[in-house]
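If you want the building blocks of each chain, they are given just below.
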Amino acid sequence: MSAGDVIVQLLSGLASAAILFLVAAGITLIFGAMRIINIAHGSFYMYGAMGMTTMLALLPDGDTGFVVRLVTIPILVALLGAATEVLILRRIYNREHLAQLLATFALFYIFADLARQIWGSDYRTASIPGALAGPVTFGSYTFPLYSLFIIGVALAVGLALFVLLRLTLFGWRVRAAVEDPELLASTGTNVMVLSTAVFALGAGLAGLAGAVVAPLITVTSGMDANILVAAFIVAILGGLGSIGGAVLGAVIIGLFQAFGVIWFPKWSSVIIYFVLIMVLVLRPAGLFGRVE
Amino acid sequence: MNRAIALTTALVFSFAAGSASAQEVAIGAPMALSGPLASVGQRALNGLQMAVEELNASGGLLGSKIRLVTGDDAATPATANTITRNMVLNDRVKAIFGGSSSATVAVEETIAGQYKLPMMIYAGNDISLTTTNFNDFAFQMQPSTFMEPRAVALYLARANLKRVFTISPDFSFGHSYVKNFLEGLRENGVQPDVVGEQYPALGSSDFSTYIAAALAAKPDFVFVGLFSGDLVTFIKQAKGYGLFDKVAVGVSTATDTVLTLKGETPANVTMWGRAPFFAMNAPGIQDFAKRHHEKHGTWPSDWPVLAYASIQIWAEAVRKAGTFDGPKVAAALNGGKFTSILGDLTFRECDHQADAPVYIGRASKTVDARYGFPLLEDITIVDPNKTMMSCEQARSLQKK
Amino acid sequence: MSEMSRLRRLSRFFPALALVALTLLLAFTLQPAELVILKNIIVLALFAVATNFLLGTAGIVSLGQACFYGLGTYVIAMAWFHGWADFWLAAIAAPLIGAAVAFLLGALALRSQRWFLALLTMAFSQLFFTIAQKAHSYTQGDTGIFGPMVPDAIADPRGGALFIFAVAALAMATLWWITVSPLGLTLQAIRENQRRAQGLGIDVYRTQLLAFTISGGFCALAGVLNAVNQQGAHPGLLDWVQSGDPILVSVIGGLYTFLGPVIGAIVYQLGHDAIVRITLRWQLFFGIILLVVVLCFPDGLAGLFRWSSWTQAYGRLRSVTRRPAAIPAPPEPRS
């Protein structure tokens, strides 16, 4: 493979990593601050993607329509997340993790059914906006501009999360919740509202991932289950609770998948599991995680 | 997930249906109505329903009304197993029309043979269906995975390709497709240098790494065995990598693809299909296409055409046999010549393979004003007799 | 006096004996189409009881028991397809292979706890699913392996039902015996309070690993019975959503009673078939019912027979409208 080919493959891997990061970031944030694993997290991703394919007068099409959708759909999904947290999840915080698992599993089924009611079961497509549709050429190599856009979105979001968590009061509170929730409560912070906000943020990130990836793929029912395992692996790999871990985990998995197709074509999809197992043998809590 | 939904839908349909009354004859059509192959099933369903409605409107068949029993198998063999058995045992169907993918058709074929019901295969063309999995009751209407890729190889033999890269879905059909393409090239005097063979999972949403790998291998030709939603995704993503500008690419299910992508179809890509209505002049095909367009708002792809024809042919066989009885209808189909919107088809006796041609051409640069999508240009209709497996070979592979 | 206490001691077996009698009756009287439902229930029940050995008795949440279940089915299917062994040899080998694989996976997975364990086992389930899809020459990939892979005597609907029932009953009896043995009690002690158990000198890791191995072996046995029932193997048997089924069944029936998963299997299968006949939107109903059970009836259906469950459920429902606890509390050792 020539250098140009390697770069193309590298960028492809990073584009996959970008989507994985967005979904895994939500998972890891929610777990870190609230100690809860949401099996229905993939449903937020799917709703984001489905929203992108919907032809509604309220969500205009075309280039400006694309921007409008990209902003509003994650917000709508975040609101859905907030509603879920307030109505359902609050009832199971005190329960053992099996109950939490099953409750979110039930939500997974309910969300899947609702999605089918709204959008049907045939596959759906969205168009790449004209401005982002072209190829990017360097030398004799071509790479889709839209994939670069996806990488850009993930970078921007990663940066925004960094700023949010490190430099704002909200971020300080979230990090404190990760470290020691009881102490945080004793400082007078309204932890309930904080929980809702964190969950909504996580859901919104997943919704953004879905919305941004929709024009590139065929959107089907079943994408909620498909993304879930990969995103969980990335989150665990990086260490639950660590955004930096989610970045690193996503990049590792994305690149292994990309180059795995060339190096081990038959087993490329199995590689991510081996990577996970190897890392966990060496560091049981993930790369940047801490042992409970 | 989709299995659960499929099983649900299937059970509802089959239980709610109950058994047919004396003046009514039921026929069963398991298909994929959810999951990655949902478009195949849903488009075929349109064709089946039109055929049954028209049949009933003209007085039914042998004095009986035909009732179509459908079920969603989500292209999963286990689900197909369950719902097809339900159709046979609960709805007492007299014939089976299937399915959406070779994997489920294989299961349905076995059940048809077990219960002695004629089965018309209008989708799913793996060669195993007429050889290793063959039984006396299954009839293959399409060119098989032995024939279809060989037709493509024949067509391309003049082009003197050396380096070949293949991308095909990872199940029996996908592997068979590639194997037969490569063998076809060799039989036509081309020694292909296979620079890559990739088998992404059916229903993958991201082909970008496969596309990049294809480009890195610098092939002369990329043979793509993907179909339905996967192919649409692949083409959308591949355009971003400039694949179609750099390398000659060949894709299947031509009509399906141009119908979905319309103006976004990459120009000059080699495409082949089993029933592109705009290029066919069989009796009734253009009329059927117009009726389909009026009823459903879209022009028919291969699937509704094949499905409609499957019922036409079965009905004719029933009339010839004078009864719905399975073995007698199968005997009428065996070796018989039938006319339908596909043209004339004869099912040869050794493996019940019809002499179905393959249509190959290049995608046009311009969208046809009449239809709203680009047609195929320079169409070659490959003679099936040049590509069919010999009867001796077929028989040797069939179970004793 | 001793007569009374003996009777009372034996009375705990009455529900089990009643089930056995009922099943035998049904096995001999049902029609073939209905026997399929009975067989489905029995296989699911064994799968659930084997999973619940881990879940309820040992308190270990594994989202990967489908690995072993599917493995059991595939051993039978591949032995037939490739001609490696006849059915009976494969049927004996399958649980042993399942136990061996469980030992290996457990050795890795049990180093983590709770959430990490659950997610790791989920990943293992998916790993095996992907391998089943990809290892074409062995497994036929997505196409799966279908065909007459069991001897005719048990391929026959009634013969098969009796065989499945006999094996499942024996297996459950064995699991029950293990549950009330010192091993079972040790596992429950660990489940209740791991630190205290460690303080008593119990090697938690090794005990849990043993439980994991046993559960894996019996799940594989359930897979063998599944092969007898469905006569087919396909990758879908191994994915993580399939792993959810025995857990759901156990929760619905009651985690902490031995027969709970069996009740759960009956209710789940019949309820599923019934709901499916009424509505296409099976998943919606299923999700709602599950949510209600989790929120209000943590002891499952077995708990429905206790009045206290209903008052507790009422209390929980009322608390839904009141403000919940201020912060997510640290995990309690016992549910």
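Residues numbered from 1 in each chain as written. Chains lettered and ligands numbered in written order. Predicted model: local features only at pLDDT ≥ 70, side-chain atom pairs only at ≥ 80, totals over all residues. Heavy atoms only, no water.

Draft legend 1. Here's a closer look at the overall build of chain A. On a plain count of helices and strands, chain A comes out with 11 helices and 2 strands. Beginning at the N terminus, the succession of helices and strands in chain A can be written as α-α-α-α-β-β-α-α-α-α-α-α-α. In terms of overall dimensions, chain A is globule-like: its C-alpha atoms have a radius of gyration of 19 Å, near the 19 Å expected for 292 residues. Every one of the 292 residues in chain A was classed for burial, and the buried ones make up 62%. Partitioning the contacts of chain A with sequence separation of at least 6, the portion at a separation of at least 24 is 76%. Total accessible area computed for chain A in this model is approximately 10,500 Å², and 72% of it derives from carbon and sulfur atoms. A distance of 5 Å separates the average location of the 13 positive side-chain charges in chain A from that of its 12 negative side-chain charges. (Helix = DSSP H or I, 4+ residues; strand = E, 2+ residues; numbered from the N terminus. Rg over C-alpha atoms; globule rule 2.2 N^0.38 Å. Buried < 20%, exposed > 50% of the residue type's maximum accessible area, 1.4 Å probe, protein only. Contact = heavy atoms within 4.5 Å. Areas by Shrake-Rupley, 256 points an atom, 1.4 Å probe, with all protein chains shown as cover. Lys, Arg positive; Asp, Glu negative; His and termini not counted. Charge placed at Lys NZ, Arg CZ, Asp CG, Glu CD.)

Draft legend 2. A look at the sheet that holds strand β9 (residues 248-251) of chain B. Residue and element names in this part refer to chain B. The 7 strands are arranged β7-β6-β8-β9-β10-β13-β14 in an open sheet whose pairing can be described as mixed. The open sheet terminates on both sides in strands that have one partner only, identified here as β7 (193-198) and β14 (374-382). The average angle at which neighbouring strand axes cross in this sheet is 25°, direction not considered. Note that strand β6 (residues 163-167) and strand β8 (residues 221-224) share 4 bridges and pair parallel. Across the sheet, Val164 pairs through a bridge with Phe221, a residue of β8. Strand contacts of helix α5 (residues 147-156): β8, β10 (270-273), β13 (358-367) and β14, with the helix running at about 65° to β13, the strand carrying the most contacts. (Pairing = 2+ DSSP bridges. Axes fitted to C-alpha atoms, helices over the stretch in contact; angles between N-to-C directions.)

Draft legend 3. Spotlight on the nonpolar core. Formed by 210 residues in total, the largest nonpolar core has its most connected members in Phe21, Tyr45 and Phe105 of chain A together with Trp240 of chain C. Once residues lying within four places of it in the same chain are set aside, the contact partners of Phe105 of chain A are Ile39 of chain A together with Trp240, Val241, Gly244, Leu248 and Leu290 of chain C. (Core = buried A, V, L, I, M, F, W, Y, C linked by side-chain atoms within 4.5 Å.)

Draft legend 4. Molecular detail of the interface of chain B and chain A. With 32 residues of chain B at the contact, the number on the chain A side is 33 residues. Carbon and sulfur atoms make up 54% of the area that chain B and chain A hide from each other, which totals about 2,500 Å². On inspection of chain B and its partner chain A, the count reaches 1 salt bridge. Salt-bridge contacts for Asp5 of chain A lead to Lys218 of chain B; the nearest nitrogen and oxygen are separated by 3.5 Å. The interface formed by chain B and chain A holds 11 residue pairs in polar contact (both at pLDDT 80 or more) in total. Considered class by class, the residues forming the side of chain B that touches chain A number 11 nonpolar, 15 polar and 6 charged. (Buried area = accessible area lost by both parts, 1.4 Å probe. Salt bridge = Lys/Arg side-chain N within 4 Å of Asp/Glu carboxyl O. Polar contact = N/O pair within 3.5 Å; in protein donor to acceptor, adjacent residues only side chain to side chain. Nonpolar A, V, L, I, M, F, W, Y, C, P; charged D, E, K, R; others polar.)

Draft legend 5. Region of interest: the interface of chain A and chain C. At the junction of the two partners, chain A supplies 56 residues and chain C supplies 54 residues. Around 5,100 Å² of area is buried between chain A and chain C when both sides are counted, 75% of it from carbon and sulfur atoms. In terms of surface lost to chain C, no three residues of chain A exceed Arg91, His97 and Tyr109 of chain A, which account for 14% of the buried area on that side. One can count 0 salt bridges joining chain A with chain C. The set of elements that each furnish at least two residues to the side of chain A that touches chain C consists of α1 (3-34), α4 (97-119), α7 (181-186), α8 (191-213), α9 (223-238) and α11 (268-282) of chain A. Per-element accounting of the side of chain A that touches chain C gives the leading share, 18 residues, to α4 of chain A. Along the lines of polarity and charge, the residues of the side of chain A that touches chain C split into 41 nonpolar, 5 polar and 10 charged.

Draft legend 6. Quick look at the packing of α5 of chain B against helix α6 (residues 172-187) of chain B. Residues and elements named next belong to chain B. Running from N to C, α5 and α6 point in directions that differ by 35°, and their axes come no closer than 8 Å. Judged by the sense of rotation from one axis to the other, the crossing of α5 with α6 is right-handed. For the pair formed by α5 and α6, the contact residues are Glu148, Pro149, Arg150, Val152, Ala153 and Leu156 on the first element and Tyr177, Asn180, Phe181, Glu183, Gly184, Leu185 and Glu187 on the second. Across the contact of α5 with α6, the residue classes break down as 7 nonpolar, 2 polar and 4 charged. (Left-handed = near helix turned anticlockwise from the far one by under 90°.)

Draft legend 7. Quick peek at the packing of aromatic side chains. All names here are of chain B. Enumeration over the complete set of coordinates arrives at 43 aromatic pairs over all chains. For the ring pair Phe139 and Phe347, a centre distance of 5.5 Å and an interplane angle of 75° mean the geometry is edge-to-face. Of this pair, Phe139 sits in strand β5 (residues 138-140) while Phe347 sits in the loop between β12 (343-346) and β13, and the two are 208 residues apart along the sequence. You'll find Phe139 and Phe347 in the same group, each marked buried. Among the aromatic residues, ring-to-ring pairing joins Phe173, Tyr177, Phe181, Phe221, Phe223, Phe227 and Trp272 into one connected group. The ring of Tyr155 carries the charged tip of Arg158 above its face, separated from the ring centre by 5.2 Å. Over the face of the ring belonging to Phe338 we find Lys320, whose NZ or CZ atom lies 4.3 Å from the ring centre. (Phe/Tyr/Trp six-rings, centres within 6.5 Å; stacked < 30°, edge-to-face > 60°. Lys NZ or Arg CZ within 6 Å of the ring centre and 35° of its normal.)

Draft legend 8. Representation of the pattern of salt bridges within the structure. Residue and element names in this part refer to chain B. Taken as a whole and judged by the stated rule, the model has 20 salt bridges over all chains. Of the charged contacts, one joins Glu24 and Arg67 as a salt bridge, the two residues approaching to 3.1 Å between their closest N and O atoms. Here Arg67 lies in strand β2 (residues 65-72) and Glu24 lies in strand β1 (residues 24-31), a separation of 43 residues in the sequence. Of the charged contacts, one joins Arg150 and Glu183 as a salt bridge, the two residues approaching to 3.0 Å between their closest N and O atoms. Of the two residues, Arg150 is situated in helix α5 and Glu183 in helix α6; the sequence distance between them amounts to 33 residues.

Draft legend 9. Here's a closer look at a nonpolar patch on the surface. There is a patch of nonpolar side chains on the surface, built from Val67, Val71, Ile75, Leu76 and Leu79 of chain A and spanning about 480 Å² of accessible area. Considering the arrangement of structural elements, one finds Leu79 of chain A in helix α3 (residues 62-87). (Patch = residues over 30% accessible without salt bridge, like charges linked within 9 Å, V, L, I, M, F, W, Y side chains within 5 Å.)

Draft legend 10. Here's a closer look at α9 of chain A. Residues and elements named next belong to chain A. With 16 residues, α9 extends 23 Å between its outermost C-alpha atoms, agreeing within 8% with the 22 Å of an ideal straight helix rising 1.5 Å per residue. Buried residues dominate α9, accounting for 15 of its 16 residues. Positive phi appears at Gly239, one or two residues downstream of α9, with a value of about 100°. (Expected span 1.5 Å × (residues − 1).)

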